[in-house]
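Observations on the three-dimensional arrangement
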Amino acid sequence: GVALHALPPQPENTYLCQIYNLTLLCMEDYVVEPQSVQFLVQHGFDFNKQYARGIPYHKGNDKGNENQSQSVRTFFLELIRAKKPLILHNGLIDLVFLYQCFYAHLPDNLGTFTADLSEMFPAGIYDTKYASEFETRFVASYLEYAYKKCKRENGKLKDSSSQHLTVEFCNYPANMSHYIDYRHCSLEEESHNMGGGNKVPICEKFSAYGWCPKGVKCPQSHNIDRIIDEDDRLWEEKRKKRKHKWKRRKNTEEPAKVLEQESSGKETEVAQNGEEGPPRKQSCYEPAAAMELAEITPNTEDRPLEENSMDLEPEVRSDTKKEKETHSPPSQGGTHRAGFDAFMTGYIMAYVWMLKKGKNTDAGERPWLPDCHNKLYLSGKSMPLQIVKSLFSKSSKAHSQKMKLAWASG
């Protein structure tokens, strides 16, 4: 997970970011998919460490008075007690996992599930995939694309001395070095401006969905910076064409007629851009639903570690004891790790909040971000899943017991 804390003495929109990556181990039998395991290994996941020192957990309801023990369930209850907003990216499956593994048995129906969630997180649940498609209206919304797009736009705001987002990281002492990984979060990949790399064509499937069936073996480019460059270039070309058409109309037709045509032309463009739904790239067919839910965003470019760079994200790991053996550098095959995914998710939400709140909005108002409040992205749907307790839904019995436990001992 990731924590983004506002720093009051600092300029507005400045956050202190702390990233944590907890290695967990399910103590019940479960099925693994070879492709998923291979993907995790490519991105530096250490299965030996997981089975040797992973934090144990079990699914379903509590077994005994677990609130008195130091467990993931106790930690999850603390998150509920904090009454803070919960932020995810494409978060429906994540919420199902969190509920089932750290809270209680899943309810039998969706209405009960959303009713429980609305009480568990009264400050709201926010989905950055929904925000990326329906609020900022990016043409693609997979995690790394949305993050880099936000960071690029934030850089433009900073260069023009406009209101912009600033993120600061903690300086960890040397004796914690065994527990901390670093990854580049620079604006552009080092290979982005190298001539040779730009000759490789962009993978259209990865460009549209952040997923490619060939994975790291794909001969085409999965470079997010090039993909965003191409999208920006196409958008600018369309904008110039529209502007040119409107100018020709103004020069050849009566003013009243021109206004009518301009209005209808704009409405058509908005409709094509997804007024009824989010903007989408049209060059690729939809991937398998299971793969889209996984939000796989691999990056085949190697990135060397530079510990003194200001463009590094530190991530604290949950090793339960200090390792005495020599440490090999972590995998550099991209940033797709739970902690870094959480950082990108938090960054996107902070950026959208900065854009939406404006200068005159009281930050203390509730709900925190009304347009995205309690709306979960649904794949292939133009409407989100609303996290609400309807008049026809009841909370589950297990949830009611957990909430009593949380507040009785909180």
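These numbers come from a predicted model, not from an experiment. (Residues numbered from 1 in each chain as written. Predicted model: local features only at pLDDT ≥ 70, side-chain atom pairs only at ≥ 80, totals over all residues. Heavy atoms only, no water.)

Per-residue confidence for the protein chain gives a mean pLDDT of 77, with 70% of residues at or over 70. Counted against residues more than four places away or in other chains, residues 255-276, with its pLDDT under 50, gives 16 contacts. Taken as a whole, residues 322-333 scores under 50 in pLDDT and shows 21 contacts with residues more than four places along the chain or in a different chain. (pLDDT = per-residue confidence, 0-100. Contact = heavy atoms within 4.5 Å.)

Glancing now at helix α3 (residues 72-82). Those residues of α3 not exposed but buried are V72, R73, T74, F76, L77, I80 and R81. Backbone geometry just downstream of α3 places K83 in the positive-phi region, at approximately 55 degrees. (Buried < 20%, exposed > 50% of the residue type's maximum accessible area, 1.4 Å probe, protein only. Helix = DSSP H or I, 4+ residues; strand = E, 2+ residues; numbered from the N terminus.)

Turning our attention to the packing of α3 against helix α4 (residues 92-102). Running from amino to carboxyl end, α3 crosses α4 at an angle of 125 degrees, the nearest separation of the two axes being 10 Å. Considering their axes alone, α3 and α4 lie oblique with respect to each other. For the pair α3 and α4, the contacting residues are V72, R73 and F76 in the first and L98, Q100, C101 and F102 in the second. The class makeup of the residues in the contact of α3 with α4 is five nonpolar, one polar and one charged. (Axes fitted to C-alpha atoms, helices over the stretch in contact; angles between N-to-C directions. Parallel < 35°, antiparallel > 145°, perpendicular 65-115°, else oblique. Nonpolar A, V, L, I, M, F, W, Y, C, P; charged D, E, K, R; others polar.)

The next thing to look at is the packing of aromatic side chains. Tallied over the full model, the rule gives 16 aromatic pairs. A ring pair is formed by F76 and Y103, whose centres lie 6.0 Å apart and whose planes are at 75 degrees; its orientation type is edge-to-face. With F76 in helix α3 and Y103 in the loop between α4 and α5 (110-120), this pair connects stretches of sequence that are 27 residues apart. The same class applies to F76 and to Y103, which are both buried. Each residue in the set Y57, F76, F97, Y99, F102, Y103, F113 and F121 is aromatic and connected to the rest through ring pairs, giving one cluster. Sitting over the face of the ring of W407, K83 holds its NZ or CZ atom 4.9 Å from the ring centroid. Sitting over the face of the ring of Y377, K129 holds its NZ or CZ atom 4.9 Å from the ring centroid. (Phe/Tyr/Trp six-rings, centres within 6.5 Å; stacked < 30°, edge-to-face > 60°. Lys NZ or Arg CZ within 6 Å of the ring centre and 35° of its normal.)

Further remarks concern the packing of helix α7 (residues 143-159) against helix α12 (residues 338-357). Relative orientation of the contacting elements α7 and α12 amounts to 45 degrees, with a least axis distance of 9 Å. Accordingly, the angle class assigned to the pair α7 and α12 is oblique. For the element pair α7 and α12, the recorded crossing hand is left-handed. Across the interface between the two elements, L143, E144, A146, Y147, C150, K151, E153, N154 and L157 of α7 pack against D341, F343, M344, T345, Y347, I348, Y351 and M354 of α12. Of the residues in the contact of α7 with α12, the class split is 11 nonpolar, two polar and four charged. (Left-handed = near helix turned anticlockwise from the far one by under 90°.)

A separate point is the nonpolar core. Ranked by internal contacts, the top residues of the largest apolar core, which has 40 residues, are F343 and L369. Of all the secondary structure elements, the ones that give two or more residues to this core are β2 (14-21), α6 (128-134), α7, α9 (224-252) and α12. The element that contributes the greatest number of residues to this core is α12, accounting for 11 residues. Counting 26 residues, the second largest nonpolar core, distinct from the first, contains I80, M120, L376 and A398. (Core = buried A, V, L, I, M, F, W, Y, C linked by side-chain atoms within 4.5 Å.)

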